[in-house]
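Read off the chains here:
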Amino acid sequence: MSFLIIAPGLKVDSWIKQLRALEPRLDLRVWPQVGDPDEIEFALTWNHPPGEFNQYKNLKCIASLGAGVDHILRDPALPASVPVTRVVEASMAQSMSEYILLSVLNYCRHLHAYHKDQSRRKWQPRVPLPAHKIRIGILGLGQLGADAARKLCHLGFQVGGWSRTSRKIPGVSTFAGNEALDNFLSQTNILICLLPLTPATEGILNLTTFAKLPAGAYVINAARGAHLVEKDLLKALETGQISGACLDVFQIEPLPEDHPFWDHPQIVVTPHISSLTYPKAVAPQIVDNYNRVKSGKAPMHVVDIERGY
Ligand code: NAP
Ligand code: GLV
């Protein structure tokens, strides 16, 4: 049973090292050096070329290298009967929560403005926004959103969260479904997107959504670039409906050099690093799934292809 890594443009040396350390006899191939396609039964992937999986007639599992699977499900020729799995790992939630806390505190303590002041040698104290007066709303209460919600609660913020189905998290006001979205938004000063990218969530950060937030709200997007209608954010910043944004993901990555976000004074840009997949932490669950599939069992962390996550 051969194992294929198919991640064009990504350095996979440390994946190979970790996978081999756990399973020394693994018949590991790295795309495009595939060998006989009929021997490939397990694929670990990030941004595969569309249609590619159709040539692997004996494929039994397509494993995402990350938490998101939109890069797999967007392939119109994806073989329908092969299960797709994703990464579910505590270190990814921890890393994402660190990023979210950093972005929230950066905003509340005006760090972005102090960086600019420092470059101009300007001494200008600003009043911090106290945690207990700030209402944070998290779109998505899954592995990442729920962890961030709990940690923000511990810091004393008022935290709300929105999900598709009803969720309960101690200390967090939860809202479920489209009918609850407006109510959720009306109570949110800092809007954080941690949703999977699906047809239902694409473009959710748009002018209509922004208009439902209290004026001057702040936006953090650490999910996918396609959640945000980028021109709508620029408009909302211009009118003051949105006072600033911290963005880790973009419609086009790497963010093009001439993109207006780069030098926008109210936008913080980071290069899709809010939560990285560490091969050492994640390889054990990939190898575990490979062995499950090899012994005829269903893999863990299978996504619902219809639902999109
Ligand atoms: P997850 O565990 O699958 O959780 C997804 C959450 O979103 C769930 O609470 C789900 O609701 C909710 N949701 C999905 N569709 C919805 C809809 N139409 N309306 C309302 N709520 C909806 O996913 P996760 O592990 O937290 O990851 C979320 C996303 O973060 C990933 O898909 C990936 O795109 C992104 N991500 C980004 C980075 C980065 O470095 N920037 C790193 C890792 C992940 P239910 O609870 O009702 O199912
Ligand atoms: C990263 O973006 C992931 O989906 O893990």
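Heads up: the structure comes first, above all this text.
As the structure is a computational prediction, the values presented were derived from the model and not from experiment.

## Topic: the packing of helix H3 (residues 90–108) against helix H5 (residues 143–154)
Here comes step 1: Where H3 meets H5, the closest approach of the two axes is 9 Å, and the angle between their N-to-C directions is 50°. In this view, H3 runs oblique relative to H5, as classed from their interaxial angle. Pair H3 / H5 crosses with right-handed handedness. Facing H3, whose interface residues are Met92, Ala93, Gln94, Met96, Ser97, Ile100, Leu101 and Val104, H5 presents Gln143, Leu144, Asp147, Ala148, Lys151 and Leu152.
Here comes step 2: For the contact of H3 with H5, the per-class residue count stands at nine nonpolar, three polar and two charged.

## Concerning the packing of helix H1 (residues 13–22) against helix H9 (residues 279–294)
Here comes step 1: At a closest axis distance of 9 Å, the pairing of H1 and H9 adopts a crossing angle of 50°. By the angle class used here, H1 and H9 are oblique. Between H1 and H9 the crossing geometry is right-handed. Between H1, through Ser14, Trp15, Gln18, Leu19 and Leu22, and H9, the contact on the second element is made entirely by Pro279, Lys280, Val282, Ala283, Pro284, Ile286 and Val287.

## What to know about a nonpolar patch on the surface
Here comes step 1: Residues Ile273, Leu276 and Tyr278 make up a contiguous nonpolar surface patch of roughly 250 Å² in combined accessible area.
Here comes step 2: Relative to the assigned elements, Tyr278 resides in the loop between strand S12 (267–269) and H9.
Here comes step 3: What makes Tyr278 partly exposed here is its relative accessible area of 43%.

## Observations regarding the pairing of strand S9 (residues 190–193)
Here comes step 1: Going residue by residue along S9, you find Ile190 and Ile192 tucked away on one face and Leu191 and Cys193 tucked away on the opposite face as well.
Here comes step 2: As judged from the four bridges shared by strand S6 (residues 135–139) and S9, these two strands associate in the parallel manner. Note on S9: the bridge partner recorded for Ile138 is Ile192.
Here comes step 3: Here four bridges tie S9 to strand S10 (residues 217–221), and the two strands are oriented parallel to one another. From the neighbouring strand, Cys193 faces S10, where its bridge partner is Asn221.

## With respect to the layout of surface pockets
Here comes step 1: By volume, the second largest pocket is sized at about 180 Å³.
Here comes step 2: Together, Asn106, Tyr107, His110, His112, Ala113, Lys116, Arg126, Tyr218, Ser243, Gly244, Pro265 and Gln266 line the second largest pocket.
Here comes step 3: Where the lining of the second largest pocket is concerned, the elements lending two or more residues are H3, helix H4 (111–119) and strand S11 (242–247).
Here comes step 4: Ranked by residue count, the leading element in the lining of the second largest pocket is H4, at three residues.

What counts, and where the lines are drawn
- Just so you know, the residues in each chain are numbered from 1, in the order the chain's sequence is written.
- Each chain gets a letter, beginning with A, and each ligand a number, beginning with 1, in the order they are written.
- In keeping with the model being predicted, local features are shown solely for residues with a pLDDT of at least 70 and side-chain atom pairs are shown and tallied solely at 80 or more, while totals for entire chains, interfaces and linings include all residues.
- Computation of side-chain values covers all heavy atoms of the structure but excludes hydrogens and water.
- A fitted line through C-alpha atoms represents every axis, and for helices the fit uses only the stretch in contact; the resulting angles, taken between N-to-C directions, go from 0 to 180 degrees.
- Strands are runs of DSSP state E lasting at least two residues, helices are runs of H or I lasting at least four, and both sets are numbered from the N terminus onward.
- Any angle between 65 and 115 degrees counts as roughly perpendicular, while under 35 counts as roughly parallel, over 145 as roughly antiparallel, and the rest as oblique.
- Definitions for this section: a left-handed crossing has its near helix turned counterclockwise from the far helix by less than a right angle. A right-handed crossing has that turn clockwise.
- Contact criterion: two residues are considered in contact whenever any of their non-hydrogen atoms come within 4.5 Å of each other.
- Residues are sorted three ways: Asp, Glu, Lys and Arg are charged, Ala, Val, Leu, Ile, Met, Phe, Trp, Tyr, Cys and Pro are nonpolar, and all the rest, Gly among them, are polar.
- Grouping into patches uses exposed residues only, defined as over 30% relative accessible area, and leaves out salt-bridged ones; the cut-off is 9 Å for like charges and 5 Å for nonpolar side chains (Val, Leu, Ile, Met, Phe, Trp, Tyr).
- In short, Shrake-Rupley with a 1.4 Å probe defines the accessible areas, and a residue's cover is counted only from the protein chains shown.
- By salt bridge we mean one thing: a side-chain nitrogen of Lys or Arg within 4 Å of a carboxyl oxygen of Asp or Glu.
- Note on exposure labels: buried denotes an accessible area under 20% of the residue type's maximum, exposed denotes more than 50%, and partly exposed covers the range between, all computed with a 1.4 Å probe on protein chains only.
- Criterion used throughout: strands pair if DSSP finds at least two bridges between them.
- Cavity and pocket criteria rest on a 1 Å grid covering protein atoms alone: a 1.4 Å probe that fits but cannot get out defines a cavity, protein on both sides within 12 Å along at least 5 of 7 lines defines an open pocket, and an atom within 4 Å of a point defines a lining residue.
- Grid points are joined across faces, edges and corners, and a volume is the space filled by probe spheres set on the points.

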